[in-house]
Structure formats: structure tokens, C-alpha cells
Amino acid sequence: MAQALLAGTKLRLLFDAGIDNEGNPILKSRTFNNIKKEATVDQLFQAAQAISALCNDSLSRVERTDNSEIIG
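From a predicted model like this one, the values you see are computed outputs, not experimental measurements.

Student: Mind laying out the overall build of the chain, listing which residues take part and the relevant values?
Tutor: Helix and strand content of the chain: 1 helix and 3 strands. Its helices and strands in sequence order give the chain the pattern β-β-α-β, from N to C terminus. Computed over the C-alpha atoms, the radius of gyration of the chain is 16 Å, more than 25% above the 11 Å expected from 2.2 N^0.38 for a compact globule of 72 residues. Expressed along its principal axes, the backbone C-alpha trace of the chain runs to roughly 50 × 25 × 15 Å.

What follows is the structure in C-alpha cells.
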């Protein structure tokens, strides 16, 4: 039976940076690598809020990306 081993986690923050000439939102992103694999959703959200407090743009979305290695 195959197994998936969590290899790494990234945290991506998307910020509202205004609106372009066509009325579409402009999003800027910041990605943080080497996030602890054991980090909970609440911990990541708290970290994202703390980081966004230091930025000029407002936080739009928080994403977590997990990479896994599948072994057989």
C-alpha cells in the first residue's frame, strides 16, 4: 500500500494592492518556505495576521501548500 510522507510546507499570503485600469483587483503575494509541518491552521493564521500588520496592504487570503513524497 502506498504512503504519503509530508516533505514540506509553505505559507502564502495574498494582499490587496488596489485595482487596475480595467477594474480587476491587483494581488501581491509573499511566500514563506520551511514552515513547520506540525503547524496548525490556527497557528498559521495567527502568523499571517502578525505579518500582515507589518505590511501596507490589507490581507486578502492565506494559503498553505503541503508537498508530499509518495512511496510504495
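Resuming the write-up.
Student: Go over the pattern of salt bridges with me, naming the residues and quoting the values.
Tutor: Side chains bearing opposite charge may pair, as long as their charged atoms lie close to each other. Summed over all chains, the structure comprises 3 salt bridges. Note that R12 is salt-bridged to E63, the shortest N-O span being 3.3 Å. A residue pair is termed long-range when its members are at least 10 positions apart, and R12 in strand β1 (residues 3-19) and E63 in strand β3 (residues 58-71) qualify at 51 residues. The exposure class of R12 is partly exposed, given its relative accessible area of 32%.

Student: Please set out the sheet that holds β3 residue by residue, giving values where relevant.
Tutor: Taken together, 3 strands build an open sheet; the order of strands is β2-β1-β3 and the sheet is antiparallel. One side of each edge strand has no neighbouring strand; the edge strands of this open sheet are β2 (25-32) and β3. Averaged over all pairs of adjacent strands, the angle between strand axes in this sheet comes to 30°, irrespective of strand direction. Against the sheet, helix α1 (residues 41-52) engages β1, β2 and β3, with an angle of about 135° to β3.

Student: Break down α1 for me, with residues and values.
Tutor: Taking 1.5 Å of rise per residue, 12 residues should cover 16 Å, and α1 covers 16 Å from first to last C-alpha, within 8% of that figure. Here α1 has its buried residues at L44, A48 and S52. Take α1 and look down its axis: the buried residues cluster within an arc of 70°, on one side only. Those residues of α1 that are exposed and aimed more than 90 degrees away from the buried face are D42 and Q46. For α1, the secondary structure elements touched by its buried residues are β1 and β3.

Each value, and the rule that gives it
Per-chain numbering applies: the sequence of each chain, read as written, is numbered from 1 onward. Reporting in this predicted model follows two pLDDT cut-offs: at least 70 for local features of residues, and 80 or more for side-chain atom pairs to be given and counted; totals over whole chains, interfaces and linings ignore these cut-offs and use all residues. Side-chain metrics rest on all non-hydrogen atoms present in the structure, leaving aside hydrogens and water. Think of it this way: any DSSP run of H or I at least four residues long counts as a helix, any run of E at least two long counts as a strand, and we number them from the N terminus. Computation of the radius of gyration draws on C-alpha atoms, with the globule rule given as 2.2 Å multiplied by the number of residues to the power 0.38. Any Lys or Arg side-chain nitrogen found within 4 Å of a carboxyl oxygen on Asp or Glu counts as a salt bridge. Only protein chains enter the accessibility calculation, which uses a 1.4 Å probe; a residue is then buried when its area is under 20% of its type maximum, exposed when over 50%, and partly exposed in between. DSSP calls a pair of strands paired once it identifies at least 2 bridges connecting them. The axes are straight lines fitted to the C-alpha atoms, using for helices just the contacting stretch, and the angles between their N-to-C directions are given from 0 to 180°. Note on contacts: a residue pair is in contact if any heavy atoms of the two residues lie within 4.5 Å. Expected span of a helix, by definition, is 1.5 Å for each gap between consecutive residues, and there is one gap fewer than residues. This arc describes the spread of directions from the helix axis toward the C-beta atoms.

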